[in-house]
Amino acid sequence: MVVLAASLSLMAAPVSADQWAVTPSLQIKVLHDDNINLSVDNPVSVWGGSVSPLLDLSKRSAVSAYGLGGRLIFNRYSEDAVQDTNVQLLTFFGRTATRLSRFGVSGSYKRDTTYATIEAPAADEDDGLLPGDVDAGLLRTQVRRNRLLLTPNWRYTLSERASISLRYTLNDMTYTGSGSDALTDYRRQSAELTLLRRLSERSGLTATVGAARYASSEVGADTDDYSFSAGFTHEFSPMLEMQVGAGVRSAVSTFGDAEVESSGALVNVRLSGDVSELTTYRITADESLQPSGVGALILSKSLSWELSHKLSQKLSVSLWGTAFRNQSVDFFRAAADRTHYDIEPGFRWKLDREWSLDGSYRYRWQKYEGDEAAANSSAVYLAIDYAWPRLAVSR
């Protein structure tokens, strides 16, 4: 990866809208985690390090955009019990537009473990964020995971103020290697039809109907769920935007000859913006159905936040966190019901245009329903990053 970035630098040129832009970077990190498996009885304390090259390739014009990103993380730990934790992530997106319609596709392929992972960033700012990890901290043993996520979408303009969109999502997860019998492969397919009505330049209403199917052939479990939700978006200013949505859901789960029905509410609230040129934030509260490797669909109630503040031109601080309460929508996999917190304050110090130093402290807490004791973990990270200037690939 470093050799590739060095060769690309020979082609460096001002990046125009119709050229392919290449953004390579490299990160070296050291860490210490006093309970990497988040266990109550047998915590594993480790020192570790990683080397992570990253390469993003993108091309944008007035009517189209394409992108491809790849990241490798090579992890090594001091304990032999933690092995084979390398991570590979590939993200991609593409979109093209005509006068009245736009078609796009985005997705990712990620190969990680239950001990070592990375969140996939937004494939494209217009396609939204990729879903997070509802199974974070689920197992006290290490299992390798392979996830394919694919989301084609289409939008058509009905009038000056109204448009309609259709989105399909494929989420396919498989588990391999030692310990993989603790989780089950699954596939979830979903489709959403959304009608958007602009009330003004700054606000709009949405109505969405959705249907999805979760299937795990290994255990013979599946769930069909249906939903309807309405939403409101408003841009208070160029620096503050709010999205609010609420709806209802209905699900039918089967396991062998047994069947159970469930229903409830769906809620999503998102607030994002800039307090000033120095401070930005994003806060999201969500109640939604998510696929899980326990062989069941999970109702996840979550709160997440990202805050950052520039202390100077070179030094910034951040606070990232998430909290969720997971419950199975059926009684077959109730052992997965749990509460999980994850908080990480950190800093970034820009040494110069290419080099930066990152550090953070991460605290995790988790308790399973029915357990008397909770598990917690403290970890510290220190990383050095090098980002090559954005390069243009000659046509």
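Calculation criteria
Residues numbered from 1 in each chain as written. Predicted model: local features only at pLDDT ≥ 70, side-chain atom pairs only at ≥ 80, totals over all residues. Heavy atoms only, no water. Helix = DSSP H or I, 4+ residues; strand = E, 2+ residues; numbered from the N terminus. Contact = heavy atoms within 4.5 Å. Areas by Shrake-Rupley, 256 points an atom, 1.4 Å probe, with all protein chains shown as cover. Pairing = 2+ DSSP bridges. Patch = residues over 30% accessible without salt bridge, like charges linked within 9 Å, V, L, I, M, F, W, Y side chains within 5 Å. Salt bridge = Lys/Arg side-chain N within 4 Å of Asp/Glu carboxyl O. pLDDT = per-residue confidence, 0-100. Phe/Tyr/Trp six-rings, centres within 6.5 Å; stacked < 30°, edge-to-face > 60°. Buried < 20%, exposed > 50% of the residue type's maximum accessible area, 1.4 Å probe, protein only. Core = buried A, V, L, I, M, F, W, Y, C linked by side-chain atoms within 4.5 Å. Polar contact = N/O pair within 3.5 Å; in protein donor to acceptor, adjacent residues only side chain to side chain.

What follows covers the overall build of the protein. When you go through the protein residue by residue, the secondary structure sums to one helix and 19 strands. Sequence separation of 24 or more characterises 56% of the internal contacts of the protein that already satisfy a separation of 6 or more. Carbon and sulfur atoms form 58% of the exposed surface of the protein, whose accessible area is close to 20400 Å².

The next subject is the pairing of strand 18 (residues 375-387). Judged from the nine bridges that link them, strand 1 (residues 20-33) and strand 18 form a sheet pairing that is antiparallel. Bridge pairing in strand 18 links Leu-31 to Tyr-381. By the bridge criterion, twelve bridges tie strand 17 (residues 355-368) to strand 18 in an arrangement that is antiparallel. Looking across to strand 18, one finds that Ser-356 is bridged to Asp-385. In this antiparallel pair of consecutive strands, strand 17 and strand 18, the connection spans six residues, and Gly-370 shows a positive phi of 95°.

Turning our attention to a nonpolar patch on the surface. Side chains of Val-30, Leu-311, Leu-315, Val-317, Phe-347, Trp-349, Leu-351, Trp-355 and Leu-382 sit close together on the surface and give an oily, nonpolar patch of about 760 Å² of accessible area. Those elements giving two or more residues to the nonpolar patch turn out to be strand 15 (315-328) and strand 16 (338-350). With respect to the element layout, Leu-382 can be found in strand 18.

This part takes up the confidence of the model for the protein. Confidence along the protein averages 87 in pLDDT terms, with 90% of residues attaining 70 or more. For the stretch residues 1-14, pLDDT sits under 50, and the model shows 20 contacts to residues farther than four places along the chain or on other chains. Here residues 122-130 scores under 50 on pLDDT; set against residues more than four positions off or in separate chains, the count is 23 contacts.

Further remarks concern unusual backbone geometry. You will see that Leu-38, though not glycine, has its phi angle at about 50°, which is positive. Assignment of secondary structure puts Leu-38 in the loop between strand 1 and strand 2 (46-60).

Let us now look at the packing of aromatic side chains. Taken as a whole and assessed by the stated rule, the structure comprises five aromatic pairs. Ring geometry for Tyr-386 against Trp-388: centres 4.7 Å apart, planes inclined by 90°, an arrangement best described as edge-to-face. Relative accessible area serves as the criterion here: at 17%, Trp-388 is assigned to the buried category. Ring pairing ties together the aromatic residues Trp-355, Tyr-386 and Trp-388, which thus form one cluster.

In total, this model carries eleven salt bridges according to the counting rule given. One salt bridge connects Arg-364 with Asp-33, and the closest N-O pair in it is separated by 3.5 Å. Of this pair, Arg-364 sits in strand 17 while Asp-33 sits in strand 1; the two residues are 331 residues apart in sequence, bridging distant segments of the chain. Judged by its relative accessible area of 11%, Arg-364 is buried.

Let us look at the nonpolar core. Leu-138, Tyr-175 and Val-294 are the most contacted members of the largest nonpolar core, which has 18 residues in total. Broken down by secondary-structure element, the contributors of at least two residues to this core are strand 7 (162-176) and strand 14 (297-310). When residues of this core are assigned to their parent elements, the largest contribution, three residues, is made by strand 14. Counting residues in each nonpolar core, the second largest holds 14 residues, with Ile-36, Val-82, Ile-118 and Ala-379 among its members.

A separate point is the environment of Glu-235. Here Glu-235 lies in strand 10 (residues 221-237). Taking the C-alpha atoms as reference points, Glu-235 and Arg-202, 33 residues apart in sequence, are found 5.0 Å from one another. Those residues within four positions of Glu-235 in sequence are excluded, and the remaining contacts are Arg-202, Leu-240 and Glu-241.

What follows covers the side chain of Ser-216. Following the sequence through the fold, Ser-216 ends up in strand 9 (residues 203-216). Of the residues examined, Ser-216 reaches a relative accessible area of 1% and is grouped as buried. Of note is the side chain of Ser-216, whose polar atom sits 2.6 Å from the side chain of Thr-184. Polar side-chain contacts of Ser-216 include one of 2.9 Å to the backbone oxygen of Asp-185. Contact partners of Ser-216, with chain neighbours within four places excluded, come to Thr-184, Asp-185, Tyr-186 and Ala-221.

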